[in-house]
Number of protein chains: 2
Amino acid sequence: MATLGDIGVAAAINILTAFAFLLAFAILRIQPINDRVYFPKWYLKGLRSSPLQAGLFVSKFVNLNYKSYIKFLSWMPAALQMPEPELIDHAGLDSAVYLRIYLLGLKIFVPIAILAFSVMVPVNWTNSTLKRSNLTYSSIDKLSISNIPTGSNRFWTHLVMAYAFSFWACYILKREYQIVATMRLHFLASERRRPDQFTVLVRNVPPDPDESVGELVEHFFLVNHPDHYLTHQVVYNAKNLSSLVSKKKKMENWLDYYELKYSRNPSTRPTKKTGFLGLCGSSVDAIDFCTDEIKRLSEEIELEKQKVMNNSKYIMPAAFVSFRTRWAAAVCAQTQQSRNPTVWLTEWAPEPRDVYWDNMAIPYVSLTIRKLIIAVAFFFLTFFFMIPIAFVQSLANIEGIEKAAPFLKSFIEMQVKFIKSFIQGFLPGIALKIFLIFLPTILMIMSKFEGFISVSSLERRAATRYYMFQFINVFLGSIITGTAFQQLDQFIHQSANEIPKTIGVSIPMKATFFITYIMVDGWAGCAGEILRLKPLIFYHLKNFFLVKTEKDREEAMDPGTFGFNTGEPQIQLYFLLGLVYAVVTPFILPYIIVFFGLAYVVYRHQIINVYNQEYESAAAFWPDVHGRIVFALVISQLLLMGLLSTKEAANSTPLLITLPVLTIWFHLYCKGRYEPAFVKHPLQEAMMKDTLERAREPNFNLKEFLQNAYIHPVFKGGEDSDSEVMSEKWEDQEPVLVQTKRQSRKNTPLPSKHSGSLSS
Amino acid sequence: MATLGDIGVAAAINILTAFAFLLAFAILRIQPINDRVYFPKWYLKGLRSSPLQAGLFVSKFVNLNYKSYIKFLSWMPAALQMPEPELIDHAGLDSAVYLRIYLLGLKIFVPIAILAFSVMVPVNWTNSTLKRSNLTYSSIDKLSISNIPTGSNRFWTHLVMAYAFSFWACYILKREYQIVATMRLHFLASERRRPDQFTVLVRNVPPDPDESVGELVEHFFLVNHPDHYLTHQVVYNAKNLSSLVSKKKKMENWLDYYELKYSRNPSTRPTKKTGFLGLCGSSVDAIDFCTDEIKRLSEEIELEKQKVMNNSKYIMPAAFVSFRTRWAAAVCAQTQQSRNPTVWLTEWAPEPRDVYWDNMAIPYVSLTIRKLIIAVAFFFLTFFFMIPIAFVQSLANIEGIEKAAPFLKSFIEMQVKFIKSFIQGFLPGIALKIFLIFLPTILMIMSKFEGFISVSSLERRAATRYYMFQFINVFLGSIITGTAFQQLDQFIHQSANEIPKTIGVSIPMKATFFITYIMVDGWAGCAGEILRLKPLIFYHLKNFFLVKTEKDREEAMDPGTFGFNTGEPQIQLYFLLGLVYAVVTPFILPYIIVFFGLAYVVYRHQIINVYNQEYESAAAFWPDVHGRIVFALVISQLLLMGLLSTKEAANSTPLLITLPVLTIWFHLYCKGRYEPAFVKHPLQEAMMKDTLERAREPNFNLKEFLQNAYIHPVFKGGEDSDSEVMSEKWEDQEPVLVQTKRQSRKNTPLPSKHSGSLSS
């Protein structure tokens, strides 16, 4: 077991690492050459242009102003200064609410830590159970519940504290749910006119031998929503087309590359082999080849476009139906249309940029089968993922390789020392690491297969699965050493009241491990996040080799998103650790608080300056966040019950059973009270906005506004100039808050311009 | 263990009992004097009048036609003859679908039994495990799985059979769900105009200092449903008033009684004591007293009525809001109205006669707290109900009584033999029996406390609870002997994979017990049901003592209902037994099939001739029925898994785990596919009916039709003549299928007249 000193050394190392990262960031960020890596958001917003205009040549790349080096931590207060409404305006509600999760952590754990250190630590400290016992123990354990003698009355303190912590957490959770729900409703209410406010997605349009999908949809809604139906857009199956478009784009990139090469070395025209991966086949002039290919692809795309538009086989049985009023759209989204509940499924349309186009045409039966398959697959992924990895690892030792490739034998045995240690020390770990790196992608693919139709819901589902995986394989896996499958086997063979005991007993012993984990994964991870080492390197590589025009440079920027599907489960793990250890080993709490504080500042900075969110779901993820914290709360209560029952404080059991019952009830109450704000669409709000708008702009042509809102992105590609005109028109019509110089729309496709808040 | 002979004897006794009941019924039902007991439904429908018109005096009471005695079982084919559409017309969809549950039992178990007896019984029979062992065993056990040697390959038969049975059950369940859903939709679509089709119940109207509830409701819906809102009716708090009305009614009954007494014995006017329960206080002339009281109460009622109607304090924050079209009502019922999801809660209004008026005004927070309280209370009721009963039982022995009342000691000791045996043999059992008789009432009170607003939903919830109670205390309680709490304690201390084993192993041993149970509770119970002993006796007592006029005689009839909250859980127990034992001891199946067949005939007869359903929920209970059968299926699969794993057929476990997973998936699929038909209200249907009706009767005054539909029943009391006129008007307007001579409306209140199907 680690002593206080060990922890101190680990803390020192991690603090130093984090500090080094922060220092590196502070220096790198003020170099003009890195400006686009650390402030891409502002470039995308058009509020910042390249710092290449004036001054010395050197100062284009290196910051020579020594003053800016002195105040190198100035970004921190700057990140905190932007008020929340402005932040919502700047980065969207999703990002603003995402930051509130970190704040929520501070709000929950700071008072809990104060209470724990002022009450529970003295109670734990003033015992001498560990001293009297012959066990080795550390100073941390003296602060923990382990130091209380079996059957002592002092456990009442822990019981009372468990109640106090739970009530405090629930109080804060309820308050936060209310605030976020209000923010969401206010955000939705103060938004400008957006196509998705008037539009409903209809799926599973039943096939009809006499009518096309478009006619069928039109007739159905003209009959069943006669006064409200406005227009509709059918969904085309454009998978083929979009693959052609991306091929063309790739070819254009190659063309750029070869032209650059040629311009640098005009003596020889670059050549290219036509075969597999450019490795074999006959050699041709690369620039000509690319130009020809692009021409051919363009023609093919045009042909495919015509085919898709005109052939009814490419029309999917789904459509975006728009209504005259928000009220009618809210009505249609919330009601069942047909007698058969598996056809004419309506739901609120996601934002155009949030639509996941490939999943539009999945029929109902297929959806339920996919759900079953994914549920089973996820079960096996969670509990048996170690099997293939162990198999790979078993191959990755010397004997395995020797068996697989006998001809290497002599070679290996010659240089055996170094290679052996390399292979055996490094490769097995790498198999696991690679799996863990790809896990979010695997989970995302699973969600896609399951048939969600918006990117936001895909990410939410992937986040849920990632959390479950982490809970089982990181949290439980660290406490009860062994693979998830071994745990499962153990739990099945244990009685229901033994399971919390088994876990509960191991918990105090694992405190030091989790403290180290928090420092490495949390502290250093946060500091690494702000440094953006990978985007920094990639940007400069691209900038050096590929960038010719301003547009290329913009494309070389990779702002990324805050990544809800990986970020949120990580935060949730800290909530879980904090709540579980609050009563058992409160010494862990300060580390968690430091994490939440640091992460809050770092992510606030990143959200203001870097990340460019790809969609806006108006904080639709909050019910998940809330639910997982309540889950962590219940788990912590059950584990405490298990722990105390082994400490012969069994008369506390009835009181401890009451706690999860009350917590679950609290969850159900909150669910009923606040969740509808995230799922349903109140008619009162819709009617209010409709009425206001009708009074303000009685002659607005809504049909024109909605005409092309939900067109598959590939159809927009060629019509850049058109949409530019369109968007200009919109900007004329509605006063834009910030003067923009839109230079790119790569990451902010057309409809997003009409989003954003009018709240100011 | 019972041998085949024992079972035979038990079967003979029960068959004889059942036969005796049926014979008694056959004779009693053809006596004119009992006509109102056995055919009340026809009297209530006005299609049958008292057989007192002509003929001999004796033939008014006794049937002298010897021919009718010969064909004494003729009621059976008669009960089966009425085709289903006519049955729906006659008794409503609820009753017709309720009968389908019995049919479903036959459909599931007859093929299963045939398969089991042709395949599994030979496989079991041709072993000699039991013969070789030294255990005592019965012939039944030779037919069961117990006869297969441990680790035998023959268990594959049982595995395959388990799959076959599960698939068959699921196939039939799905088919039945589809049929019932179609029946429901057809029933709803073909119904005549009914107030509840246009009406939505709004609860939790937020308080407003400036406006009354009525104004508030009107304004809110005029704003948010401007083209659709028609009218509304506020809900009055008439608890006080209805208690006064029932007091008055009671007093009128007493007056009738005393007047009858006086007319039989005109020499002395009856007297009555005014004190507590008529036992003490001064003696007064009873007839005068009652007349005065009635007068006083009438005045008080009139006063209270005025007060309720005019004082805003008596208006509850709830209202029935009616719309111009069914479409608008469907929209309003399915959407969220306000930003705050706990106010302006809308749901489809129940039928007027189905409304449970007392629960209209419960605010949201209170509802969630009530749910928690009831959940906890039900948990304690289920697991600890034996404690108070054991306490009563412990009092009910000699020592207890002697302690409680020492003065009885000498008395008891004198006649000790007889009294002792009486008290100790009889009283302890009676405490349990009384509890079990009152259990449905207790569960009903629980549901009422929980805040459901229609009688049908109250009954559904009570049925769910009753089933859970039976599952734990009857099914598990019989298999693992011991109270529910002891089981709970045992299960908590057992590992998850031990629990199915513990139960699974005991299952084959309990087959004979359950066979006896089926015969006593099922066979004899059914036959007892048709005899209607209690209503028969009560009717004749009332007829003898109280009945003076034709109206009194109608009131003395007690047709009752089929009692979903007690009847359905009982059927479900048989489904559970059948599915669990199908693979283990198929010998039980014929008994269950006989039960289902007999019960089907008996209940069909009762529904045609006796029961008068108090509401019509259009088979809203089917999702519950389906869900419970699926639950039974999953339980049976888990128990089989437990049983086989003790038989060392462990290599079958993966295959057996797949089965519940598939079954649960099947349930989710059915839930998504068919449940919306029972919960939601498709707009297409509503629109179709609206359009048709508008074309048919363009000038219909809907407002007048809806004006008084949702008035608290006590306000209707005095306006009998008015409503008579109104109802006559309706009958003029819409052609009535059957010529009625409505003599009473006690059990068919006004709005039900407008219900019923137009399908013919």
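Residues numbered from 1 in each chain as written. Chains lettered and ligands numbered in written order. Predicted model: local features only at pLDDT ≥ 70, side-chain atom pairs only at ≥ 80, totals over all residues. Heavy atoms only, no water.

Caption draft 1: Structural view of the overall build of chain A. Regarding its fold elements, chain A presents 34 helices and six strands. Going through the 760 residues of chain A one by one, you find that 52% of them count as buried. When the accessible surface of chain A is summed, it comes to about 34,600 Å², and 64% of that surface belongs to carbon and sulfur atoms. (Helix = DSSP H or I, 4+ residues; strand = E, 2+ residues; numbered from the N terminus. Buried < 20%, exposed > 50% of the residue type's maximum accessible area, 1.4 Å probe, protein only. Areas by Shrake-Rupley, 256 points an atom, 1.4 Å probe, with all protein chains shown as cover.)

Caption draft 2: Region of interest: the interface of chain B and chain A. The interface of chain B with chain A comprises 46 residues on the first partner and 46 residues on the second. Both sides of the chain B and chain A interface together cover about 4,100 Å² of buried area, and 60% of this is carbon and sulfur. Inspection of the chain B/chain A interface yields two salt bridges. Between Glu 685 of chain A and Arg 339 of chain B there is a salt bridge whose closest N-O contact spans 2.7 Å. The interface formed by chain B and chain A holds 20 residue pairs in polar contact (both at pLDDT 80 or more) in total. Elements supplying a minimum of two residues to the side of chain B that touches chain A: α10 (155-190), α12 (213-224), α15 (326-334), α16 (364-384), α30 (653-674) and α32 (683-696) of chain B. For the side of chain B that touches chain A, the element with the highest residue contribution is α30 of chain B, accounting for six residues. Class assignment for the residues of the side of chain B that touches chain A results in 23 nonpolar, 19 polar and four charged. (Contact = heavy atoms within 4.5 Å. Buried area = accessible area lost by both parts, 1.4 Å probe. Salt bridge = Lys/Arg side-chain N within 4 Å of Asp/Glu carboxyl O. Polar contact = N/O pair within 3.5 Å; in protein donor to acceptor, adjacent residues only side chain to side chain. Nonpolar A, V, L, I, M, F, W, Y, C, P; charged D, E, K, R; others polar.)

Caption draft 3: How the structure looks around helix α12 (residues 239-264) of chain A. All names here are of chain A. For α12, built from 26 residues, the straight-helix expectation of 38 Å at 1.5 Å per residue is met to within 8% by its first-to-last C-alpha distance of 38 Å. If you check which residues of α12 are buried, you get Leu 241, Leu 244, Met 251, Leu 255, Tyr 258 and Leu 260. At its buried positions, α12 is contacted by β3 (271-273), α13 (286-310), α24 (533-545) and α33 (713-716). (Expected span 1.5 Å × (residues − 1).)

Caption draft 4: Structural context of the relation of the copies chain B and chain A. Overlaying chain B with chain A gives an RMSD of 0.2 Å, the required rotation being 180 degrees about an axis along which the chain moves by 0.0 Å. Both copies are brought into coincidence by an operation consistent with a two-fold rotation axis. Closest approach to the rotation axis within chain B is made by the C-alpha atom of Ser 495 of chain B, at a distance of 1.6 Å. When you check the interface residues of chain B against chain A, 100% turn up at the interface there too, and the contact is symmetric in its surfaces. (Least-squares fit on C-alpha atoms with pLDDT ≥ 70 in both.)

Caption draft 5: Structural view of the side chain of Gln 637 of chain A. Along the chain, Gln 637 of chain A turns up in helix α28 (residues 622-646). A polar atom in the side chain of Gln 637 of chain A sits 2.9 Å from the side chain of Ser 166 of chain A.

Caption draft 6: Spotlight on the sheet that holds strand β5 (residues 315-323) of chain B. Residue and element names in this part refer to chain B. Read across the open sheet, the four strands follow the order β2-β5-β1-β6; overall the sheet is antiparallel. Each edge of the open sheet carries a strand with a single partner, namely β2 (229-236) and β6 (345-348). With strand direction ignored, the average angle separating the axes of adjacent strands in the sheet is 30 degrees. Two strands pair when backbone bridges link them, and strand β1 (residues 199-203) and β5 are joined in this way by four bridges, in the antiparallel orientation. Bridging from a neighbouring strand, Val 202 pairs with Ala 319 of β5. (Pairing = 2+ DSSP bridges. Axes fitted to C-alpha atoms, helices over the stretch in contact; angles between N-to-C directions.)

Caption draft 7: Inspection of a nonpolar patch on the surface at higher detail. All names here are of chain A. A contiguous nonpolar patch, built from Leu 533, Ile 537, Phe 538, Leu 541, Phe 544 and Phe 545 and spanning about 630 Å² of accessible area, is present on the exposed surface. Examined against the element boundaries, Phe 544 turns out to sit in helix α24. With relative accessibility at 60%, the residue Phe 544 sits in the exposed group. (Patch = residues over 30% accessible without salt bridge, like charges linked within 9 Å, V, L, I, M, F, W, Y side chains within 5 Å.)

Caption draft 8: Quick look at the pattern of salt bridges. Counted under the stated rule, the structure contains 36 salt bridges over all chains. With a closest N to O distance of 2.2 Å, Glu 568 of chain A and Arg 628 of chain A form a salt bridge. With Glu 568 of chain A in helix α26 (residues 564-584) and Arg 628 of chain A in helix α28, the pair connects residues that are 60 residues apart, well separated along the chain. A residue is classified by how much of its surface remains accessible, and Glu 568 of chain A, at 0% relative accessible area, is buried. Exposure remark for Arg 628 of chain A: the relative accessible area of 6% places this residue in the buried category. Glu 300 of chain B is the partner of Arg 296 of chain B in a salt bridge, and the nearest nitrogen-oxygen pair spans 2.7 Å.

Caption draft 9: Representation of the UniProt feature "transmembrane region" (unreviewed entry) in chain A in the model. Residue and element names in this part refer to chain A. Residues annotated in UniProt with the feature "transmembrane region" (unreviewed entry) correspond here to residues 6-28, 101-125, 155-173, 372-391, 422-445, 466-485 and 573-603. Annotated as 100% helix and 0% strand, the span residues 155-173 places its first and last C-alpha atoms 27 Å apart. Split by type, residues 573-603 is 87% helix and 0% strand. Its first and last C-alpha atoms lie 17 Å apart. (UniProt positions renumbered as here; feature names shortened; annotations may be inferred.)

Caption draft 10: Representation of unusual backbone geometry within the structure. Residues and elements named next belong to chain A. In this structure, Ala 619 is a non-glycine residue whose phi angle is positive, near 60 degrees. Among the structural elements, Ala 619 can be located in the loop between α27 (589-609) and α28. Given the relative accessible area of 0%, Ala 619 is considered buried.

Caption draft 11: View of the side chain of Arg 673 of chain B. With respect to the secondary-structure elements, Arg 673 of chain B resides in helix α30. Those residues in contact with Arg 673 of chain B, other than ones at most four positions away along the chain, are Asn 340, Pro 341, Thr 342 and Tyr 364 of chain A together with Gln 178 of chain B.

Caption draft 12: Representation of the state of the cysteines. On inspection of all chains with the given rule, the structure shows zero disulfides over all chains. Here Cys 170 of chain B is not cross-linked by a disulfide; its sulfur's nearest cysteine counterpart is in Cys 670 of chain B, at 7.6 Å. (Disulfide = S-S within 2.5 Å.)

Caption draft 13: Quick peek at the packing of helix α21 (residues 455-479) of chain B against helix α27 (residues 564-584) of chain B. Residues and elements named next belong to chain B. Running from N to C, α21 and α27 cross one another at 40 degrees; their axes reach a closest spacing of 8 Å. The angle between the axes of α21 and α27 places the two elements in the oblique class. Every pair of crossing elements has a handedness; the one defined by α21 and α27 is right-handed. Touching Glu 459, Arg 460, Ala 462, Ala 463, Tyr 466, Tyr 467, Gln 470, Phe 471, Val 474 and Phe 475 of α21 are Phe 564, Asn 565, Thr 566, Glu 568, Pro 569, Gln 570, Gln 572, Leu 573, Leu 576, Leu 577 and Val 580, all from α27. Of the residues belonging to the contact of α21 with α27, the class tally is 13 nonpolar, five polar and three charged. (Parallel < 35°, antiparallel > 145°, perpendicular 65-115°, else oblique. Left-handed = near helix turned anticlockwise from the far one by under 90°.)

Caption draft 14: Layout of helix α31 (residues 683-696) of chain A. Between its terminal C-alpha atoms α31 of chain A stretches 20 Å, which fits the 20 Å expected from 14 residues at 1.5 Å a residue. Listing the buried residues of α31 of chain A in full gives Leu 683, Glu 685, Ala 686, Met 687, Lys 689, Asp 690 and Glu 693 of chain A.

Caption draft 15: Spotlight on the pairing of strand β1 (residues 199-203) of chain A. All names here are of chain A. Counting buried positions along β1 gives five out of five residues, so the element sits mostly inside the fold. Where burial is concerned, the two faces of β1 agree: the one with Thr 199, Leu 201 and Arg 203 and the one with Val 200 and Val 202 are both buried. The pairing of β1 with strand β6 (residues 345-348) spans four bridges and is classified as antiparallel. Note on β6: the bridge partner recorded for Arg 203 is Leu 345.

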